[in-house]
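Remarks on the overall topology
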Amino acid sequence: LYHDMGLIGAWLGSLYFGTRLYIMSPLTFLAHPESWLWAIHRYRATLSAAPNFAFEMCASKIQDDDIKGLDLSSLRMVANGAEPVSAASIRHFTERFAPYGFRRAAMSPAFGLAENAVGVTFPPLGRGPMIDRVDRQALSHDGIAKPATDGDPNPLELVGCGRVLPSHHIRIVDKAGNEVGERVTGRLEFRGPSATSGYFENDQKTRELFHDGWVDTGDQAYIANEELFITGRIKDIVIRAGRHYYPQELEEPISQLPSVVRNG
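Residues numbered from 1 in each chain as written. Predicted model: local features only at pLDDT ≥ 70, side-chain atom pairs only at ≥ 80, totals over all residues. Heavy atoms only, no water.

Considerations on the environment of Ala105
Relative to the assigned elements, Ala105 resides in the loop between α5 (87-97) and β3 (107-109). Sequence separation between Ala105 and Pro124 is 19 residues; the distance between their C-alpha atoms is 9.8 Å. Look past the residues within four positions of Ala105 in its chain and what remains in contact with it is Gly126, Arg127 and Gly128. (Helix = DSSP H or I, 4+ residues; strand = E, 2+ residues; numbered from the N terminus. Contact = heavy atoms within 4.5 Å.)

Observations regarding the pairing of strand β1 (residues 47-50)
Across the two faces of β1 the burial differs, with Ser48 and Ala50 buried and Leu47 and Ala49 not buried at all. Taken together, the four bridges between β1 and strand β2 (residues 77-80) define a ladder with parallel strand orientation. If you follow Ala50 over to β2, its bridge partner there is Asn80. (Buried < 20%, exposed > 50% of the residue type's maximum accessible area, 1.4 Å probe, protein only. Pairing = 2+ DSSP bridges.)

What about the sheet that holds β1?
With respect to topology, three strands assemble into an open sheet ordered β1-β2-β3, the strand pairing being parallel. In this open sheet, the two strands that pair with only one neighbour each are β1 and β3. For this sheet, the mean inter-axis angle between neighbouring strands, taken without regard to orientation, is 25°. Of the pairings in the sheet, the one linking β2 to β3 comprises three bridges and is parallel in character. Among the inter-strand pairings, Ala79 is bridged to a residue of β3, identified as Ser108. Sheet contacts for helix α4 (residues 52-61): β1, β2 and β3; angle to β2, the most-contacted strand, approximately 115°. (Axes fitted to C-alpha atoms, helices over the stretch in contact; angles between N-to-C directions.)

The following block contains the structure:
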């Protein structure tokens, strides 16, 4: 409950609508990730949420003997947010738990932040994840999310985080603050009735947060067919020889090296 997704999205959301909520310690999950899935099974949960690493951990660490008889068919939506969403993790989780009743359509990558009382964009209920295959070179050199060709041997896969919530607005702007077109990367900003009025007793940070009434998320992103795609945190992007490298581009291949992956 010390994270906004748990405090606002789960606790206060359930309190507001008068729905039943089951919570557990994150330490319990880390020690026994199957406990999350068994809680869904036991209470016939319809909605849950976790960061991307939790889905990957369940897919790779849980033993078959620990989930005999598991039934995840009650889930209507499980939100995946709070950190970069991996297309590989989505595939890994959905394929691993499809035999246990998990429907791919329930997987719902989303985007939010505390400065908007959490939620900003969500996919339509039951649609499932949308994965965009883009030309890696065009994105890193030109900032254009050009769709990859069918024969592209090394496309970059980016996961859609849904569409903006009602009464809210998002836009992508360049370094000068001008709004850019579709599939052009830039800084993500938003505004709406859930937006913060500023940081508590920190006027300087508050002034840095707003640009002409829009709230700066600190994320780089692009929009395609009204779907939001996050490419990375602006402060985390590595620029070398004019090329932009996103952390997940480096982390994912490194995580597959035999010298890094041991004992599963």
